[in-house]
Amino acid sequence: SSTHVCTPPQLKEDVQEEASKYGTVLTVVVPAPPHNVDALEGGRCYIQFSSLPECRQAKEVFNGRTFDDNVTRAVFVTDEEWQQAQAGIWLPRAK
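Residues numbered from 1 in each chain as written. Predicted model: local features only at pLDDT ≥ 70, side-chain atom pairs only at ≥ 80, totals over all residues. Heavy atoms only, no water.

(A) Structural detail: the overall build of the protein chain. Looking only at helices and strands, one finds three helices and four strands in the protein chain. For the protein chain, the succession of helices and strands along the chain, N to C, is α-β-β-α-β-β-α. A buried classification covers 26% of the 95 residues belonging to the protein chain. Intrachain contacts of the protein chain at a sequence separation of at least 6 include 52% that bridge at least 24 residues. (Helix = DSSP H or I, 4+ residues; strand = E, 2+ residues; numbered from the N terminus. Buried < 20%, exposed > 50% of the residue type's maximum accessible area, 1.4 Å probe, protein only. Contact = heavy atoms within 4.5 Å.)

Right, here's the structure in full:
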């Protein structure tokens, strides 16, 4: 079996395309993991939609979905976490 690893630009493009099925995507942010992060921990991807109903719908669709052989978790983040992600800061995994 082979392992396919998405690079941040590739992941951003894939997520943008998939997320746009559920609403108007304003921004997709994929911070690169620091070198000390285990590859098995998975990546981080943040999506900003134009409205809260779109966010809620996408969260329902993406949470628990398999993407690239990984089960995704979709959670809402605070404005502060969003700003940090946009700045490229790797945030701890959401609880």
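(B) Broad picture of helix α2 (residues 52-62). Considered for burial, the residues of α2 that qualify are E54, C55, A58 and F62. Projection of α2 onto a plane perpendicular to its axis shows the buried side chains occupying an angular sector of 100°, all on one side. Residues of α2 that are exposed and point over 90 degrees away from its buried face: P53 and E60. Just downstream of α2 lies G64, where phi reads positive at about 85°. (Arc of directions from axis to C-beta.)

(C) Just the nonpolar core, in detail. L11, V15, A19, Y22, V25, V28, V30, F49, C55, A58, F62 and A74 form the largest nonpolar core, which has 12 residues in total. If you list the elements that add at least two residues to this core, you get α1 (8-19), β1 (25-29) and α2. Those residues in contact with V15 that sit more than four places away from it in its chain are V28, C45 and I47. V29, Y46, A85 and L91 belong to the second-largest nonpolar core, a separate cluster that totals five residues. (Core = buried A, V, L, I, M, F, W, Y, C linked by side-chain atoms within 4.5 Å.)

(D) Quick peek at the pattern of salt bridges. With the rule as written, the count across this model stands at two salt bridges. A salt bridge links R65 to E18; the shortest N-O distance between them is 2.8 Å. Of this pair, R65 sits in the loop between α2 and β3 (66-67) while E18 sits in helix α1; the two residues are 47 residues apart in sequence, bridging distant segments of the chain. With relative accessibility at 15%, the residue E18 sits in the buried group. Members of the salt-bridge network, linked through shared partners, are E18, K21 and R65. (Salt bridge = Lys/Arg side-chain N within 4 Å of Asp/Glu carboxyl O.)

(E) Looking closely at the side chain of E54. Assignment of secondary structure puts E54 in helix α2. Buried E54, no salt bridge; nearest opposite-charge side chain is R56, N-O distance 12 Å. A polar contact of 2.7 Å, which involves the side chain of E54, links it to the side chain of S50. (Lys, Arg positive; Asp, Glu negative; His and termini not counted. Polar contact = N/O pair within 3.5 Å; in protein donor to acceptor, adjacent residues only side chain to side chain.)

The values are spatial; any link to function lies outside them.
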